[in-house]
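Overview (structure and organization)
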Amino acid sequence: KQLSTQSTGGEIVAKRKRGDGTSEYYIHYIDYNKRLDEWVDDHQLDIKKVKMPNNKNSSRSVSPTSATLYKVNRKRKIEDCSGSNGYGSSHSAPTSDTDDTATSGSTPTNNVPLCPPSTGSLSQPGSYDGLTRIKNIQQIEMGKARMVPWYFSPYPQELCHLPVIYICEFCLKYLKSKNCLARHRMKCKLFHPPGNEIYRKQNISVFEIDGRKNKSYAQNLCLIAKLFLDHKTLYYDTDPFLFYVMTEFDQHGLHMVGYFSKEKESSEDYNVACILTLPCHQKKGYGRLLIEFSYLLSQVEGKLGSPEKPLSDLGLLSYRSYWSNAVLEGLIQFMDEPAPEKPPSLTIMELCDRLCMKKEDVISTLQHLSLIHYYKGQYVICLNNEILEQHRKSMSRKKVRIDGKFLRWQPKDWSKRGKW
């Protein structure tokens, strides 16, 4: 942690009283992601610089159930959120206006609810947009790891006041104490996720889980994911989704490290709906493995895949890294092949077919890498030695890769199966 020498602008989302009569405020830092939001004491606020909201210039929607916000400045600690869930790293990523529904007005802050309501179900956030901006879970313990959540998740209200929620790492059931977890483990017979194991290489396995057949597990998985994903909407009905859970094997069982979900029938041919690597398993390359596995499934299906948009800030960094490596690897493999014509010719669509990537993703990656240029009336792809050397160094650090020879999976035509 590093103490900032300058004041940081923020919004007061909520206010609550402590047992000793003092007040504390829930602060959202302007231009920072909501995962950095926190409760602060009143002495940490610079009251002299408080600004009242301006209704005329406010572009955000007003909700009567949301807290009144005030702009403040304070000195704050900058947390290093460089943990990559395969999603890249950034501690200063700007928040999106589509994620927040801050309100403006002059209503006194004593009308602010002390805590957000939790429905206990995977309902769509909408009625409680303003209230769900507040983190309601302090910590979760899952296996050997204890994690601090980033965002709100609709766990039952009776669990929200607990300092720690204990989660069975195999069935994902949430419990209120360690004793409850110990009694549960005596009854729980799972030592791996439910569903079919479709991939195994060394200590890495992937399980395919049907959201209809394993509804309880899928809902608990979505609750955990919502703690670390703010840009996706939770639905109670998990029937239309398939979940692919990646695990790491040891002598105690197969432990979840991350997952991605996809729709059984996607009109846009999305190969990923949500993707997450647990914070305790970040910086280990699992995020890239999940992305690589999703494109392997698209290859077997004979489709061009793409993740559901919009991507989170960390998700965009992760996908951009994967797309860059995949595009460069595809171009290098093409140049190494014997070509009947010189110079060799490769179209964008041919490159898409090789990589099973959508055309817009390939073009955006080529532009990001500055590889595509307009020359003599046509677009050409130009590679230089510096980019190739950087790519080789990057790939040399990735020791674990997805190997299609170890996949045991056949795609299903869900459109012909009636109800899932």
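Now for a look at the structure at hand. Positions within a chain are numbered from 1, following the residues in the order the chain's sequence is written. Local features in this predicted model are restricted to residues of pLDDT 70 or higher, and side-chain atom pairs are both shown and tallied only at a pLDDT of 80 or more, whereas totals for entire chains, interfaces and linings draw on every residue. No hydrogens and no water enter the side-chain calculation; it runs on all heavy atoms of the structure.

Notes on the pattern of salt bridges
By definition here, a salt bridge exists when the distance from a side-chain nitrogen of Lys or Arg to a carboxyl oxygen of Asp or Glu is within 4 Å. Taken as a whole and judged by the stated rule, the model has 17 salt bridges. With a closest N to O distance of 3.0 Å, Glu 24 and Arg 18 form a salt bridge. The classification of residues rests on relative accessible area computed with a 1.4 Å probe and restricted to protein chains. Under 20% of the type maximum is buried, over 50% is exposed, and intermediate values are partly exposed. Taking relative accessible area as the criterion, Glu 24 reaches 8% and is therefore assigned buried. According to the relative accessible area criterion, Arg 18 is partly exposed, its value standing at 34%. Of the charged contacts, one joins Glu 329 and Arg 401 as a salt bridge, the two residues approaching to 3.5 Å between their closest N and O atoms. Of this pair, Glu 329 sits in helix 5 (residues 313-336) while Arg 401 sits in the segment after helix 8 (385-396), and the two are 72 residues apart along the sequence. On the basis of relative accessible area, Glu 329 is assigned to the partly exposed category, the value being 24%. Arg 401 gets classed as partly exposed once you look at its relative accessible area, which sits at 27%. Secondary structure elements follow DSSP: runs of H or I of four or more residues count as helices, runs of E of two or more count as strands, with numbering from the N terminus.

Some thoughts on the state of the cysteines
Disulfides are defined in this document as cysteine sulfur pairs within 2.5 Å. On inspection of all chains with the given rule, the structure shows zero disulfides. Not part of a disulfide, Cys 168 finds its nearest cysteine sulfur in Cys 171, a span of 3.6 Å. Residue classification places Cys 168 among the buried positions, given a relative accessible area of 1%.

Considerations on the sheet that holds strand 10 (residues 174-175)
In spatial order, the strands read 8-7-9-10; together these four strands make up an open sheet with mixed pairing. Lying at the two open borders of the sheet, with one neighbouring strand each, are strand 8 (145-147) and strand 10. Here the rule is simple: two strands pair whenever DSSP picks up at least two bridges between them. The pairing of strand 7 (residues 140-142) with strand 8 spans three bridges and is classified as antiparallel. Bridging from a neighbouring strand, Glu 141 pairs with Arg 146 of strand 8.

Quick notes on the packing of helix 5 against helix 6 (residues 348-355)
For helices, the fitted axis covers only the stretch in contact; all axes are lines through C-alpha atoms, and the angles between them, taken along N-to-C directions, range from 0 to 180 degrees. Following both chains from N to C, one finds helix 5 and helix 6 inclined at 105°, their axes separated by 10 Å at the closest point. Between helix 5 and helix 6, the interaxial angle falls into the category roughly perpendicular. Here Ala 326, Val 327, Gly 330, Leu 331 and Phe 334 of helix 5 lie close against helix 6, whose contacting residues are Leu 351, Arg 354 and Leu 355. Here the contact of helix 5 with helix 6 is built from residues that sort into six nonpolar, one polar and one charged. For classification, angles of less than 35 degrees are called roughly parallel, those exceeding 145 degrees roughly antiparallel, those between 65 and 115 degrees roughly perpendicular, and all remaining angles oblique. Only heavy atoms enter the contact rule, under which two residues are in contact if any of them lie within 4.5 Å. Under the scheme applied, nonpolar residues are Ala, Val, Leu, Ile, Met, Phe, Trp, Tyr, Cys and Pro; charged residues are Asp, Glu, Lys and Arg; polar residues are all the others, including Gly.

Notes on a positive patch on the surface
Patch definition: residues above 30% relative accessible area lacking any salt bridge, with like charges linked at up to 9 Å and the nonpolar side chains Val, Leu, Ile, Met, Phe, Trp and Tyr linked at up to 5 Å. Only the protein chains shown count as covering a residue, and every accessible area follows the Shrake-Rupley method with a 1.4 Å probe. Counting rule applied: Lys, Arg positive; Asp, Glu negative; His and chain ends not counted. For charged residues, the charge sits on one atom: NZ in Lys, CZ in Arg, CG in Asp, CD in Glu. A cluster of like positive charges, contributed by Lys 173, Lys 176, Arg 183 and Lys 187, occupies part of the molecular surface. Within the secondary structure, Lys 187 is located in helix 2 (residues 178-187).

Points about the packing of aromatic side chains
Two rings from Phe, Tyr or Trp (for Trp, the six-membered ring) form a pair when their centres sit within 6.5 Å of each other. Planes less than 30 degrees apart are called stacked, planes more than 60 degrees apart edge-to-face, and all others tilted. Here the structure, examined in full by the defined rule, presents 13 aromatic pairs. Geometrically, the ring pair formed by Trp 150 and Phe 228 is edge-to-face, given 5.7 Å between the ring centres and 85° between the ring planes. Linking Trp 150 in the loop between strand 8 and helix 1 (157-160) with Phe 228 in the loop between helix 3 (215-226) and strand 13 (241-250), this pair joins segments that are 78 residues apart in sequence. Like Trp 150, the residue Phe 228 is buried in the burial classification.

Things to note about the pairing of strand 13
Counting buried positions along strand 13 gives seven out of ten residues, so the element sits mostly inside the fold. Sheet analysis places strand 12 (residues 204-210) next to strand 13, joined by seven bridges and oriented antiparallel. For Ser 205, the partnering residue across the bridge sits in strand 13 and is Thr 247. Where strand 13 lies against strand 14 (residues 253-263), ten bridges are found, and the strand directions are antiparallel. Counted as the bridge partner of Phe 241 is Glu 263 from strand 14. Connecting strand 13 to the antiparallel partner strand 14 that follows it, the hairpin turn spans two residues.

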